Amino acid sequence: MAEELPVDLRTWRAAAGPLPVAAPPRPRQPEASLPLRKRRSAMREAAAAAGGTGTPGPPPGKAPRGGGGAPGPACAPHALAPSCLALAFPPLPAAYYPGLLPAAGAGPPPPPPPLAFAPGPFALLGAAGTQLAADIAAATGQDEDGDTALHIAVAQGNLGAARRLVGLFLQGRRDLDVYNRLRQTPLHLAVITAQPALVKLLVAHGASPMAPDRHGRTGAHLACEHRSARCLRELLAAPGAPPDLEARNYEGLTPLHVAVGAGAREPAQLLLEAGADVDAADIKSGRSPLLHAVERGSLDMAQLLIQPAAMPQRGARVNAQSYAGCTALHAAAGRGLLALLRLLVRSGADCGLKNYHNDTALAVAKNRQAGPAPPPSPSQRPPAPHPPQVLPPQPIRHQKLPT
């Protein structure tokens, strides 16, 4: 094939038509939370490099650190690996996980049945205890990034593999809230990637919605930050004790603060219906969610907090003050938000309250209107004064004094 020459854009446009338009950006994939070597594409490329026989080459990445030892000799490689899992662990035997591995030339596997802890036929696998221990070690071992097979299955959206791996975690009596090096549990990844089915699976089998990440965010914080009302609904419906809706992250914010800051109306509505404190003050500045909404200029969110649709008697206090003594009326007046000013005054805001600078909302509005004087136009500027004339130094004349 002849070597391609550089293209002259001055002649190429006329000969080949207009320049190609850039393709629109692709939506973010759930597996974007993982390194490149752990994504679906990496496993498919490894399978293609192996000759297209369906048997992938060595999985990318390194072997897990620890994890309970290597599998026994009975754990032979299977013929077909799941194309959606790029695991750095020994492959899972097909006979032990019926329905997980697709047949050759078949489409995606059907939805898996509920978790069944009775093992499959062990006649082909050798000693049952050895095989089960090897599978549990492979499923729960962590790689150099701290990710287990369950982390990868959740981030890639593989519900079938996640079911089998959760079963292995439970059979080995391992905690589902295992952290990777980014201090993320599988539940954190399920919420970040907005997969309510995986959130429901994990919380139903013991994953804690209150496990904090490296920023102190619980599952409810992450669901509000990523505007995922369905994941938040599954977290609120978790069995056992309900999640603490007043938990603060390391910024001192509750999930309701985060929902207001993200403009997530539906998650905020769910939190209010679940009993979240509508007047909770953040730890750093003492601002309520209503004050956060006014500072964002969000009329819709302020209306939701003042007059909740489900419980109108539990609306926010419009005269709540921050640590600096500012109310929502001060914030609206200082920003010139007329629609929010009307809403707050109609809802009973006190115009006479003063902040710690002894300013009322009216004084804040006047200070905003006064503001710094604009720079004068060139026609209004006074002429520049002439520079002073510098006289040359005069010589000093010496006079003779009389003797």
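This text gives an overview of the structure that appears in the document.

### Observations regarding the overall build of the protein chain
Line of reasoning, step 1. On a plain count of helices and strands, the protein chain comes out with 16 helices and 0 strands.
Line of reasoning, step 2. The proportion of buried residues among the 403 residues of the protein chain is 40%.
Line of reasoning, step 3. Sequence-distant contacts, at least 24 apart, represent 70% of the contacts inside the protein chain between residues at least 6 apart.
Line of reasoning, step 4. When the accessible surface of the protein chain is totalled, it reaches about 23,000 Å², and 58% of it is carbon and sulfur.

### Points about the pattern of salt bridges
Line of reasoning, step 1. Taken as a whole and assessed by the stated rule, the structure comprises 8 salt bridges.
Line of reasoning, step 2. For arginine 233, the salt bridge is made with glutamate 266, and the minimal N-O distance between the two is 3.4 Å. Separated by 33 residues along the polypeptide, arginine 233 in helix α9 (residues 229-236) and glutamate 266 in helix α11 (residues 265-273) bring together distant segments of the chain.
Line of reasoning, step 3. Taking the relative accessible area as the measure of exposure, glutamate 266 reaches 45% and is therefore partly exposed.
Line of reasoning, step 4. One connected set of salt bridges, linked through shared partners, spans Asp213, Arg217 and Glu225.

### Describing α11
Line of reasoning, step 1. Buried residues of α11: Pro267, Ala268, Gln269, Leu270, Leu271 and Leu272, and no others.
Line of reasoning, step 2. Looking at the packing, one finds that the buried side of α11 touches α8 (219-225), α9, α10 (255-262) and α13 (299-306).

### Looking at the environment of leucine 270
Line of reasoning, step 1. Structurally, leucine 270 is set in helix α11.
Line of reasoning, step 2. Judged by relative accessible area, which is 13%, leucine 270 ranks as buried.
Line of reasoning, step 3. Put simply, leucine 270 and leucine 236 are 34 residues apart on the chain and 8.8 Å apart in space, counted from C-alpha to C-alpha.
Line of reasoning, step 4. Sequence-distant contacts of leucine 270, that is, excluding residues within four places in its chain, are made with Ala229, Leu232, Arg233 and Leu236.

### Topic: α10
Line of reasoning, step 1. Of all 8 residues in α10, 6 are buried; the element is thus mostly enclosed.
Line of reasoning, step 2. Where α10 is concerned, the buried positions are Pro255, Leu256, His257, Val258, Ala259 and Val260.
Line of reasoning, step 3. Looking at the buried side of α10, the elements it contacts are α8, α11, α12 (289-296) and α13.
Line of reasoning, step 4. Of the residues trailing α10, glycine 263 is marked for its positive phi of about 70 degrees.

### Observations regarding the packing of α11 against α13
Line of reasoning, step 1. The contact between α11 and α13 brings their axes to 11 Å, and the two run at 10 degrees. Relative to α13, the element α11 is oriented roughly parallel. Facing Arg265, Ala268, Gln269 and Leu272 of α11, the residues of α13 in contact are Asp300, Met301, Leu304 and Leu305.
Line of reasoning, step 2. Residues that form the contact of α11 with α13 fall into these classes: 5 nonpolar, 1 polar and 2 charged.

### Here we look at the packing of α10 against α12
Line of reasoning, step 1. At their nearest, the axes of α10 and α12 sit 9 Å apart, and the two run at 15 degrees to each other. As far as their axial angle goes, α12 and α10 are roughly parallel. Once α10 is placed against α12, the crossing between them reads as right-handed. Between α10 and α12, the contacting residues are Leu256, His257, Val260 and Gly261 on the first element and Pro289, His292, Ala293 and Arg296 on the second.
Line of reasoning, step 2. When the residues that make up the contact of α10 with α12 are grouped by side-chain class, the tally is 4 nonpolar, 3 polar and 1 charged.

### Some thoughts on the packing of aromatic side chains
Line of reasoning, step 1. In the structure shown here, the tally under the stated rule is 0 aromatic pairs.
Line of reasoning, step 2. A cation over an aromatic ring shows up here: arginine 183 above the ring of tyrosine 179, its NZ or CZ 4.0 Å from the ring centre.

### Description of the environment of arginine 164
Line of reasoning, step 1. In this structure, arginine 164 sits in helix α5 (residues 159-171).
Line of reasoning, step 2. Remark: the alpha-carbon pair of arginine 164 and leucine 150, spanning 14 residues in sequence, is separated by 9.2 Å.

Scoring rules and cut-offs
- Residues numbered from 1 in each chain as written.
- Predicted model: local features only at pLDDT ≥ 70, side-chain atom pairs only at ≥ 80, totals over all residues.
- Heavy atoms only, no water.
- Helix = DSSP H or I, 4+ residues; strand = E, 2+ residues; numbered from the N terminus.
- Buried < 20%, exposed > 50% of the residue type's maximum accessible area, 1.4 Å probe, protein only.
- Contact = heavy atoms within 4.5 Å.
- Areas by Shrake-Rupley, 256 points an atom, 1.4 Å probe, with all protein chains shown as cover.
- Salt bridge = Lys/Arg side-chain N within 4 Å of Asp/Glu carboxyl O.
- Axes fitted to C-alpha atoms, helices over the stretch in contact; angles between N-to-C directions.
- Parallel < 35°, antiparallel > 145°, perpendicular 65-115°, else oblique.
- Nonpolar A, V, L, I, M, F, W, Y, C, P; charged D, E, K, R; others polar.
- Left-handed = near helix turned anticlockwise from the far one by under 90°.
- Phe/Tyr/Trp six-rings, centres within 6.5 Å; stacked < 30°, edge-to-face > 60°.
- Lys NZ or Arg CZ within 6 Å of the ring centre and 35° of its normal.

Honestly, it's all geometry; don't read function into it.
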